[in-house]
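# Structure assessment
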Amino acid sequence: MSFLKPITQVSVPTLAKTTLQRRALATAVPKAVSPFSPHVEAFVRDFKTSEPLSIVNLDRQVFGTPLRRDILQRVVVWQRDSMRQGTHAAKGRSQVAGTGKKAAPQKGRGKARVGDMKAPHFRGGGVAFGPTPRDHSTDLPRKVQELGLRVALSTKYAQDQLTVVDSLDVLDSKKTRELNHILQQTYLNEEENKPHTTMLIVTNDFNENLELAARNIPKCEVIYVEETNVLDLLTYDKLVIEKSAVETLEAVLREE
């Protein structure tokens, strides 16, 4: 019996429909479910005593991103390029003071022909191809900027350099002495291998007492949550962030 007989007996529309159904079923692959929890946990501490008060769930997309040094390098270079003033300048031949008169006759001296004394090869002359004021800033995609923030925050969490506090509005005065005492006793413990520990404090709202108290402490910097950037996160050793600021960062940096 011929093996072509069963195929020839099936109509062409039926065969095409069966093929399409098989292809459709073959491409319907169920979405993979991540085995990891969508959250990572951290203690919520009291700012003055650093005692644990509760446990907060941090979004894994923001505080559990895989560490990528290449992304951090790109964002830091982009930030530092934007920080350059670009005001470097040198006077050219047309800008230096002096006369435009020809310095010597064209012929008869037995020396090279010259023009005015403002030429670059004369002492006091202009600079050839000198620097001019310009903008050094570069472009970086928004998604790379946000990924850099997620990687920097995840780095702080992975290295146990992230402290979440319940509230930063706990200072009774604007005295630097009070804040410095809290930092020295709780956060800036001097270690033998790292005697100069620095700290970055991120607030969610305006805190006048904290800002004025931290202004005279060289090892401490206070910024708003909107000013959070990769360069500051990598520059300072420890990060103290308010619980409400964590929620703001998660709302902005969470991937859709």
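Residues numbered from 1 in each chain as written. Predicted model: local features only at pLDDT ≥ 70, side-chain atom pairs only at ≥ 80, totals over all residues. Heavy atoms only, no water.

Named according to an unreviewed UniProt entry, the protein chain is Large ribosomal subunit protein uL4m originating from Phascolomyces articulosus. According to the UniProt record, the Sequence similarities (unreviewed entry) comment for the protein chain is "Belongs to the universal ribosomal protein uL4 family." (UniProt positions renumbered as here; feature names shortened; annotations may be inferred.)

Sheet faces and side chains relate simply in a regular strand, where the side chains alternate between the two faces. In the sheet, strand S1 (residues 39-45) pairs with strand S2 (residues 52-59) via 7 bridges, with the strands oriented antiparallel. Bridge assignment links Val40 to a residue of S2, and that residue is Leu58. Where S1 folds back on S2, the antiparallel hairpin that results is connected by 6 residues, among which Ser50 adopts a positive phi of roughly 65°. Here 2 bridges tie S1 to strand S3 (residues 162-165), and the two strands are oriented parallel to one another. Residue pairing for S3: Arg45 is matched across the bridge by Val165. (Pairing = 2+ DSSP bridges. Helix = DSSP H or I, 4+ residues; strand = E, 2+ residues; numbered from the N terminus.)

Attention now goes to the packing of helix H4 (residues 69-83) against helix H5 (residues 142-158). Two elements in contact, H4 and H5, have axes whose closest approach is 9 Å; the angle formed by their N-to-C orientations is 115°. For the pair H4 and H5, the sense of crossing is left-handed. Every residue of H5 that contacts H4 at Ile71, Leu72, Arg74, Val75 and Trp78 is listed here: Val144, Gln145, Leu147, Gly148, Val151, Ala152 and Thr155. (Axes fitted to C-alpha atoms, helices over the stretch in contact; angles between N-to-C directions. Left-handed = near helix turned anticlockwise from the far one by under 90°. Contact = heavy atoms within 4.5 Å.)

Helical geometry note: an α-helix holds 3.6 residues per turn, so side chains three or four residues apart project in the same direction. If you check helix H6 (residues 176-187), its first and last C-alpha atoms are 15 Å apart, about what 12 residues at 1.5 Å a residue would give, namely 16 Å. On the buried face of H6, the contacting elements are S3, strand S4 (199-203), helix H7 (208-214), strand S5 (220-224) and strand S6 (238-242). (Expected span 1.5 Å × (residues − 1).)

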